[in-house]
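The chain contents come next:
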Amino acid sequence: MSGASAAGSGDAVRLAWPDDATTIAALQREAWLADWLEPDQLGAAFGDLDEHAGRWRSTLTHSPEARFRVLVATSDDVVVGYVVVHPGTDPDADPVRDAEMGDLAVRPSARRAGHGTRLVQAAVDTTAADRFVYLRTWVAAGDDGARLLLTSGGWSSDGAYRELEAPDGRRVKQVRLHTAVA
């Protein structure tokens, strides 16, 4: 799950620690500003940074269950991305068999350096070690970068889709992708 790579000698993935909460919150805000939100929507989506970091700290110290994990990508020991994995929550999911990759984010300035690929592979390895059979995730239908990242690694659509309301009120269509991990 961790180690050096061709992208950088200090690139790794590890379990997130409670001390990472503020960094993860700031990184999530930065990624969402780059991908989804306008600056004036940040407060409504997350509250202030201290509140947001407090929610992450609570998540990291009081996981809902043992197979709920937050993994972070680091570059020279600096957190540059994270992924959340947990038992599947979709109505058609079997929480014993189906895991879900709930959130994946890489700091915009650190994208295209292999961190997303490392995080996805760590999510696959972690869920396989937890004896899940499948790993699923939802991707915005128009997010070609995320779809390419996953499909180039063997993920495929399972035909499920949904629409969510974005903070600005627009509807965002998502498609579900999956991969076998066992």
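Bear in mind the structure is a predicted one, so any value in this text is a computation, not a measurement.

> How would you summarise the pattern of salt bridges if you had to cite specific residues and measurements?
Applying the stated criterion across every chain yields a total of 13 salt bridges. One salt bridge in this structure joins Arg176 and Asp92, with 2.9 Å as the shortest N-O distance. Linking Arg176 in strand β7 (residues 171-180) with Asp92 in the loop between β3 (78-87) and β4 (98-106), this pair joins segments that are 84 residues apart in sequence. Asp92 sits in the partly exposed class, given a relative accessible area of 46%. We note a salt bridge from Asp98 to Arg97, for which the minimum N-O separation is 3.1 Å.

> An account of unusual backbone geometry is needed here, citing residue identities and associated values.
At Asp77, a residue that is not glycine, the phi angle is positive and equals roughly 70°. Within the secondary structure, Asp77 is located in the loop between β2 (69-75) and β3. Classification of Asp77 as exposed rests on a relative accessible area of 72%. Residue Arg131 is not a glycine yet carries a positive backbone phi of 70°. Mapped onto the secondary structure, Arg131 falls in the loop between α4 (115-129) and β5 (134-140).

> Please set out the side chain of His115 residue by residue, giving values where relevant.
Here His115 shows up in helix α4. When its relative accessible area of 3% is taken as the criterion, His115 is described as buried. Reaching out from His115, the side chain makes a polar contact with the side chain of Arg118 at a distance of 2.9 Å. The residues touching His115, leaving out its near neighbours within four places in the chain, are Asp11, Ala73, Thr74, Ser75, Val80, Val106 and Ala110.

> Explain the environment of Val85 to me, using residue names and the numbers behind them.
As for its position among the elements, Val85 is in strand β3. For Val85, a relative accessible area of 1% corresponds to the buried category. In contact with Val85, other than residues within four places in its own chain, are Arg67, Phe68, Arg69, Glu100, Met101, Ala123, Thr126 and Thr127.

> Tell me what's going on with the nonpolar core, and back it up with residues and numbers.
Val83, Met101, Leu135, Leu150 and Trp155 are the most contacted members of the largest nonpolar core, which has 22 residues in total. Counting residues per element, this core draws most heavily on α4, at five residues. Ranked by size, the runner-up nonpolar core spans 16 residues in total, among them Ala21, Ala25, Phe68 and Val72.

Analysis parameters
Chains are numbered independently. Their residues run from 1 in the order of the written sequence. Confidence filtering applies because this is a predicted model: local features only for residues at pLDDT of at least 70, side-chain atom pairs given and counted only at 80 or more, and all residues used for totals across whole chains, interfaces and linings. Hydrogens and waters are ignored; side-chain quantities use all the structure's heavy atoms. Definition used for salt bridges: Asp or Glu carboxyl oxygen within 4 Å of a side-chain nitrogen of Lys or Arg. Only runs of H or I of at least four residues qualify as helices and only runs of E of at least two qualify as strands under DSSP, and these elements are numbered from the N terminus. Classification of residues uses two cut-offs on accessible area relative to the type maximum, computed with a 1.4 Å probe and protein chains only: under 20% is buried, over 50% is exposed, and between them is partly exposed. Polar contacts here mean pairs of N or O atoms no more than 3.5 Å apart (in protein, one a potential hydrogen donor and the other a potential acceptor; neighbouring residues in sequence count only if both atoms are side-chain atoms). In what follows, residue pairs with any heavy atoms lying within 4.5 Å of each other are defined as contacts. The set of buried Ala, Val, Leu, Ile, Met, Phe, Trp, Tyr and Cys residues whose side-chain atoms join them within 4.5 Å is what this entry labels a nonpolar core.

That's the geometry; what it means functionally is another story.
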